[in-house]
Amino acid sequence: MKMRAARMYGYNEPWRLEEVPVPDISADEVLVKVAATGMCRSDYQLIHGYFKMAAPMKFPAIPGHEIAGHVAGVGSAVPRSAGLSDGDLVVVNPGWGDGTCRQCHEGNEQLCSGTGSWPGFGPPGGFAEYVAVPYRHLITVDPGDQKPENFAPLTDAGLTPYRGIKKLAAAGKLGPGRTVVVAGIGGLGSYAVQYAKLLGAGATVVAFSRTDDKLTVARENGADHTVNTRDKTAEQVQDEIEAATGRRTVDAILDCAGAVESIALDFSILEPEGAVASVGLMGTKVEVPLNVIVGTELSYFGSFWGNYNDLTEVLALGAAGRIKHTITTVKLDDINENLEALGRGDVVGRQVVVFD
Ligand code: FEH
Ligand code: ZN
């Protein structure tokens, strides 16, 4: 049997839309008929070689790492306890650890320091009508009244900021009288402001973006205040924060952009003992004055994607209708145009490829 797929043949080349064989599954795999796959800025960066070192690709490759679909075949060795049957709605948990290292044993398979991988960054991903997935990495979803396209982005855009906000909460940086900033309101940030409200224990939530349309989404999703940071100095940004909150500093920042400038801005507006959690990956380095970090005891958390348990929490919120989505559904045929739009930063919310 054949399927449609978007395949990458090399860096800096458009993806090719092709008819390729539906994958055979091995005994411990499940065949998933893909219903929806989210488009991430990482997909655009993948084309341009940003992940060449971390995840070298063998071509042709099928990208796509935010996958939801229906079970279409179950391998002979998949245990009954996995609870996977034909037709079930499933999402793909993207951290495919090898199960042997300390990170995997702690449950953080997305950080596997052995031979782990992520679908769409090596193993074939979801920009295809079918994908083969080791059964351990599937989670069944009771959809409630939600469509598959509302679950696909929860596996990264909805998961990554959730873990980041949890880190800030666990570090004691949120709560009443405190201010938390979500910097960058793209696919991740539009979910992040919601988690800042849900898990912030009363913290005031401020969204930063360089685009007014994205700040509108942030307000619709619960941000108390917004600041358009385009062409503004840290002082000017602080003037706006002071007008909104009565203080010139903030206590916690979830940086969903990850540009050198946004992280530098973050560190210049933090209260002593404040913290930044970085989830965005636009730049390649962090430039912060050391005396500020040491002298005011700031904390910096890297936070990467999310683990199985983080994802089950996000899916439960999603299935209960407690997460708002800003989604545009698109066709696989238009994937190259939509990748370009992602690269330009023109996309508000998440684009999700849907399959019939
Ligand atoms: C995936 C793989 C490598 C780097 C970044 C990503 C993100 O899309 C996950 O948040
Ligand atoms: Zn991603």
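Residues numbered from 1 in each chain as written. Chains lettered and ligands numbered in written order. Predicted model: local features only at pLDDT ≥ 70, side-chain atom pairs only at ≥ 80, totals over all residues. Heavy atoms only, no water.

S.K.: Help me get a handle on helix α3 (residues 160–170), residues and values and all.
M.R.: Among the residues making up α3, those that are buried are T160, P161, Y162, R163, G164, I165 and L168. Elements in contact with the buried residues of α3: α4 (187–199), β11 (250–255), β12 (270–278), β13 (299–302) and α9 (308–319). Taken from the residues just after α3, G172 is the one with a positive phi, measuring 80°. (Buried < 20%, exposed > 50% of the residue type's maximum accessible area, 1.4 Å probe, protein only. Helix = DSSP H or I, 4+ residues; strand = E, 2+ residues; numbered from the N terminus. Contact = heavy atoms within 4.5 Å.)

S.K.: Talk me through the coordination of the zinc ion (ligand 2); I want residue IDs and the actual numbers.
M.R.: The coordination sphere of the zinc ion (ligand 2), as far as protein atoms go, consists of C40 (SG), H65 (NE2) and D156 (OD), spread over 1.7 to 2.3 Å. Between the four donor atoms coordinating the zinc ion (ligand 2), the angles at the centre fall across 104 to 122°, so the site counts as tetrahedral. The sequence pattern formed by the donor residues of the zinc ion (ligand 2) is C-x24-H-x90-D. Here C40, found in the loop between β3 (29–39) and α1 (41–47), pairs with H65, found in the loop between α1 and β4 (66–74); they are 25 residues apart in sequence, far enough to count as distant. The same class applies to C40 and to H65, which are both buried. (Donors = N, O, S within 2.8 Å, 3.2 Å for Na, K, Ca; no water. Tetrahedral: all angles 85-135°; square planar, octahedral: opposite > 155°, others 65-115°.)

S.K.: Tell me about the pattern of salt bridges, and name the residues and values.
M.R.: Pairing between side chains of opposite charge can happen when the charged atoms of each approach one another. Per the stated rule, a full pass over the model turns up 17 salt bridges. Here E235 ties to R248 by a salt bridge, and the two come within 3.9 Å at their closest N and O atoms. Here the residue E235 occupies a position in helix α6 (residues 234–245), and R248 occupies one in the loop between α6 and β11, the gap between them amounting to 13 residues. A relative accessible area of 52% means that E235 is categorised as exposed. Residue class for R248 comes out partly exposed when judged on its relative accessible area of 26%. Its salt-bridge partner being E287, residue K285 comes within 3.3 Å of it at the nearest N-O pair. Each of the salt bridges in this network shares a partner with another, and the network as a whole consists of R163, K166, D310 and E313. (Salt bridge = Lys/Arg side-chain N within 4 Å of Asp/Glu carboxyl O.)

S.K.: Please set out the site of ligand 1 residue by residue, giving values where relevant.
M.R.: All residues adjacent to ligand 1 are C40, S42, F51, H65, W118, F121, D156, T160, L281, F304 and W305. Here an oxygen atom of ligand 1 and a side-chain polar atom of S42 are 2.6 Å apart. For ligand 1, an oxygen atom lies 3.3 Å from a polar atom in the side chain of H65. When isolated, ligand 1 has an accessible area of 290 Å², and the protein chains bury 94% of it. When grouped by side-chain class, the residues that make up the shell around ligand 1 number seven nonpolar, three polar and one charged. (Near = heavy atom within 4 Å. Polar contact = N/O pair within 3.5 Å; in protein donor to acceptor, adjacent residues only side chain to side chain. Areas by Shrake-Rupley, 256 points an atom, 1.4 Å probe, with all protein chains shown as cover. Nonpolar A, V, L, I, M, F, W, Y, C, P; charged D, E, K, R; others polar.)

S.K.: Now, about a nonpolar patch on the surface: what can you tell me, with residues and values included?
M.R.: Judged by side-chain polarity, L111, L281 and F304 come together as a nonpolar surface patch covering roughly 230 Å² of accessible area. Relative to the assigned elements, L111 resides in the loop between α2 (102–105) and β6 (130–134). With a relative accessible area of 36%, L111 lands in the partly exposed category. (Patch = residues over 30% accessible without salt bridge, like charges linked within 9 Å, V, L, I, M, F, W, Y side chains within 5 Å.)

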